[in-house]
Amino acid sequence: VRPHIVSISGAIANVSEIAVDNTTIRGAYTTSGSSADVALCSLRFGSVVTNVSKIAVTRNTIDVRASSSQGGINVFATFFNRTLSGSGAAGSVLNFTGNSILGTFGAGSNVVAGVAWFSEAVSNYDAVVATHNSVGDISATSSGSIIEIYTLRFENTVTLLGLSSSAVTMQGHAMSNVTA
């Protein structure tokens, strides 16, 4: 079960802005079987992203009950699983503001939930801004080894432009009422 508001599977390049704003995923999502995962996402990139000046994921809500008898549960406002390269221009930004993740997750494997997950390198942006996101009122159970809940997760190198304006800004996040 893989409901995504926007899923970009092919490479994307030379775009000034990609914005996903004020979307909602609600309801119950259930699957069973040895390789049956539940993956919910407001914006998912499945291929290389190059020369995109601004990516804004703002005011999105994921409020679900998800279960997978043997597979895992993955819930993200944004998921990047390939390299992400900005335009290299001053003012280029990755913006994750006002997103909410809530719900009840039960999995036979791992449970992972968060606002943004970058599995590959991020480069050529002036700034990364993540403000006023919330992850809360989550109840998670897993017979696997991992229950991970976070705001931003970078698994690889982050290289900004190195200008006086280059910054990673993280402020005003809330994480509350998480039970595992």
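Colleague: So what about the sheet that holds strand β1 (residues 4-8)? Which residues, and what values?
Modeller: Read from one edge of the open sheet, five strands run β1-β4-β7-β11-β15, paired in parallel fashion. Each of the sheet's edge strands pairs with one partner strand only, and the pair in question is β1 and β15 (147-154). When the angles between neighbouring strand axes are averaged without regard to direction, this sheet yields 15°. Two elements, strand β11 (residues 111-118) and β15, share seven bridges in a ladder whose sense is parallel. Following the sheet pairing, V111 is matched in β15 by I147.

Colleague: Give a description of the nonpolar core that names residues and reports values.
Modeller: Judged by nonpolar contacts, the single largest core of 41 residues is most densely connected at F45, I55, L84, L94, F96, F105 and F118. In terms of residues, this core owes the most to one element, β11, which gives five residues. Excluding residues within four positions of it along the chain, F45 makes contact with I8, I12, I18, I55, F79, F80 and N81. Among the nonpolar cores identified, the runner-up in size contains six residues, and C41, F76, W117 and Y150 belong to it.

Colleague: Go over the pairing of strand β4 (residues 38-45) with me, naming the residues and quoting the values.
Modeller: With seven of its eight residues buried, β4 lies for the most part within the structure. Two elements, β1 and β4, share four bridges in a ladder whose sense is parallel. Following the sheet pairing, I8 is matched in β4 by F45. For β4 and strand β7 (residues 73-80), the ladder comprises seven bridges, and the chain directions are parallel. Looking at β7, one finds that L43 is bridged to T78.

Colleague: Break down the packing of aromatic side chains for me, citing the residues and quoting the values.
Modeller: Counted by the stated rule, this structure contains seven aromatic pairs. Between F45 and F80, the ring centres sit 4.8 Å apart and the planes meet at 10°, which makes this aromatic pair stacked. Remark: F80 occurs in strand β7 and F45 occurs in strand β4; sequence separation between them is 35 residues. Taking relative accessible area as the criterion, F80 reaches 1% and is therefore assigned buried.

What counts and how
Residues numbered from 1 in each chain as written. Predicted model: local features only at pLDDT ≥ 70, side-chain atom pairs only at ≥ 80, totals over all residues. Heavy atoms only, no water. Pairing = 2+ DSSP bridges. Helix = DSSP H or I, 4+ residues; strand = E, 2+ residues; numbered from the N terminus. Axes fitted to C-alpha atoms, helices over the stretch in contact; angles between N-to-C directions. Core = buried A, V, L, I, M, F, W, Y, C linked by side-chain atoms within 4.5 Å. Buried < 20%, exposed > 50% of the residue type's maximum accessible area, 1.4 Å probe, protein only. Contact = heavy atoms within 4.5 Å. Phe/Tyr/Trp six-rings, centres within 6.5 Å; stacked < 30°, edge-to-face > 60°.

Remember, this is a structural readout, not a statement about activity or role.
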